[in-house]
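# Breakdown of the fold
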Amino acid sequence: MVAASLRSTIPKCAAAAQRSRRTSSSIAPLSSPLHFNSLENRRRRDFSAATNDAPSSRPPPSPTDTLPSYLSGPTTHFGFASVSVTEKESKVRRVFENVAENYDVMNDFMSAGLHRYWKDELLKMTGAAPMAKALRRRASLRRAAQSDDAARENDVPSFSVLDVAGGTGDVAFRFADAAGCRERAKSSGTDEIRVTVCDINREMLRVGEARARRRFGAAVLDESRALKFVEGNAQCLPFDDDSFDLYTIAFGLRNVTDVDMALRDAYRVLKPGGRFLCLEFSHVTNLPLAKLYDLYSFNVIPQLGQMVANDRESYQYLVESIRKFCTQEELVSRLEAAGFERVQFTNMTGGIVAVHEGWKPL
């Protein structure tokens, strides 16, 4: 009954979503352990859901408005529990090892199917489809003017995407489809467009790569190399500086032990002019919806986890982790502190999720 009520209420609240702006595989080995900083929650600001695309009324921070770092002392949160900083990573890893096989099915149950719409909207925001079409046309003309040897030597992708915490490939597959990677794999040579999935959890990557081979065939991974899966930690990614044009992370940032460190490393691996996009559960801006959403989250989702995946505890953690994550405005500030410019966020479905974006300056 609650799920049905949520499904009927959510679309109505989606019309009141805000856009708030502030300017300012082969599976590779896992990276080494990390150093961590300190955390303190900032106050959540009030939101008005009365108008669409309403700009934020919060004034820009003053130079003395220093942002507390994400970690504080030797402990941090794991859902509502307090655990040591060194313990959280292993606990999160076990959660996703437990849910890997049923992760995408459970996303349907947890979001009443809306996660598909949210991910589709994320893809549209990237402009990947028209960009891929233009890049492929340019690459085709260039290949026609080159000898075969020269074309083989020029093995540098025109556009590279990094999808972090994307183990099962749900977002990466959307990029590959939009970019026509399956069709491109029928031609010789490596693809001009590369999508790299990076995840800390080997089991999630195993599921994702198996799905990719069933969906696209081996050529996309082994011959055109348009898609690959790499094991790595979002806080110390196993990639060189200035490597990617686009960085996406969907429903993964809240599970990172040190969000500030992950944002700094996202900045590091992006090329100058590169774009960061984060789709994440956030804080509901409509009070009636917030009450209904809490009722559904705490009473229905863990039960569904038990019924579908025989794992209530993992889904209880996922629900609790959403409530402990940054507010929309706090994440804007953290992105700016990491060095990103033109930072803004877009609420979807009344703030149940939000897309944050920013650019690495040229």
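Check the entry above for the structure.
Here the structure is a predicted model, which means the values were calculated and not measured. (Residues numbered from 1 in each chain as written. Predicted model: local features only at pLDDT ≥ 70, side-chain atom pairs only at ≥ 80, totals over all residues. Heavy atoms only, no water.)

## Description of the overall build of the protein chain
Per the secondary structure count, the protein chain includes 15 helices and 10 strands. The 362 residues of the protein chain split such that 53% are buried. Looking at the protein chain as shown, the accessible area adds up to about 16200 Å², and 52% of this sits on carbon and sulfur atoms. (Helix = DSSP H or I, 4+ residues; strand = E, 2+ residues; numbered from the N terminus. Buried < 20%, exposed > 50% of the residue type's maximum accessible area, 1.4 Å probe, protein only. Areas by Shrake-Rupley, 256 points an atom, 1.4 Å probe, with all protein chains shown as cover.)

## Digging into helix 12 (residues 287–299)
Its 13 residues place the ends of helix 12 18 Å apart at the C-alpha level, agreeing with the 18 Å of an ideal helix rising 1.5 Å per residue. Buried within helix 12 we find Leu289, Ala290, Leu292, Tyr293, Tyr296 and Ser297. One side of helix 12 carries all its buried residues, which in axial view fall inside an arc of 170°. Away from its buried face by more than 90 degrees, helix 12 exposes Leu287, Pro288 and Lys291. In this structure Asn286 caps helix 12, since a side-chain oxygen of it lies 2.9 Å from the backbone nitrogen of Leu289. (Expected span 1.5 Å × (residues − 1). Arc of directions from axis to C-beta. Polar contact = N/O pair within 3.5 Å; in protein donor to acceptor, adjacent residues only side chain to side chain.)

## A word on the nonpolar core
Where a protein is soluble and globular, its nonpolar side chains tend to be buried together. In terms of nonpolar packing, the biggest core is built from 61 residues, with Trp118, Leu227 and Leu279 touching the most fellow members. Apart from the residues lying within four places of it in its own chain, the contact partners of Leu227 are Ala172, Phe173, Val195, Val197, Ala212, Phe216, Val220 and Leu221. Of all hydrophobic cores here, the second largest spans 32 residues; its members include Ile249, Ala262, Cys278 and Val343. (Core = buried A, V, L, I, M, F, W, Y, C linked by side-chain atoms within 4.5 Å. Contact = heavy atoms within 4.5 Å.)

## Describing the pairing of strand 10 (residues 353–359)
Across the 7 residues of strand 10, 6 count as buried, placing the element largely inside the fold. Examined bridge by bridge, strand 8 (residues 270–281) and strand 10 share 7 bridges and lie antiparallel to one another. When the bridges of strand 10 are listed, Arg275 appears paired with Trp359. The pairing of strand 9 (residues 341–348) with strand 10 spans 6 bridges and is classified as antiparallel. Within the sheet, the bridge partner assigned to Phe345 lies in strand 10 and is His356. Linking strand 9 back to strand 10 in an antiparallel pair, the connection comprises 4 residues, with Thr349 at a positive phi of about 55°. (Pairing = 2+ DSSP bridges.)

## Overview of the packing of helix 2 (residues 85–99) against helix 14 (residues 312–324)
Closest axis-to-axis distance for the helix 2/helix 14 pair is 9 Å, and the angle between their directions is 120°. Taken as axis vectors, helix 2 and helix 14 run oblique relative to one another. The handedness of the crossing between helix 2 and helix 14 comes out as left-handed. Where helix 2 approaches helix 14, its residues Val92, Val95, Phe96, Asn98 and Val99 are matched on the opposing element by Ser314, Tyr315, Tyr317 and Leu318. Tallied by class, the residues present in the contact of helix 2 with helix 14 amount to 7 nonpolar, 2 polar and no charged. (Axes fitted to C-alpha atoms, helices over the stretch in contact; angles between N-to-C directions. Parallel < 35°, antiparallel > 145°, perpendicular 65-115°, else oblique. Left-handed = near helix turned anticlockwise from the far one by under 90°. Nonpolar A, V, L, I, M, F, W, Y, C, P; charged D, E, K, R; others polar.)

## Observations concerning unusual backbone geometry
Glycine aside, residues mostly have negative phi angles, and peptide bonds mostly take the trans form. Positioned with a positive phi, Ala112 is a non-glycine residue whose angle comes to about 55°. Residue placement: Ala112 occurs in the loop between helix 3 (103–111) and helix 4 (114–126). With relative accessibility at 13%, the residue Ala112 sits in the buried group. Positive phi is not limited to glycine here, since Arg225 has a value of about 55°. In this fold, Arg225 is placed in the loop between helix 10 (218–222) and strand 6 (227–231).

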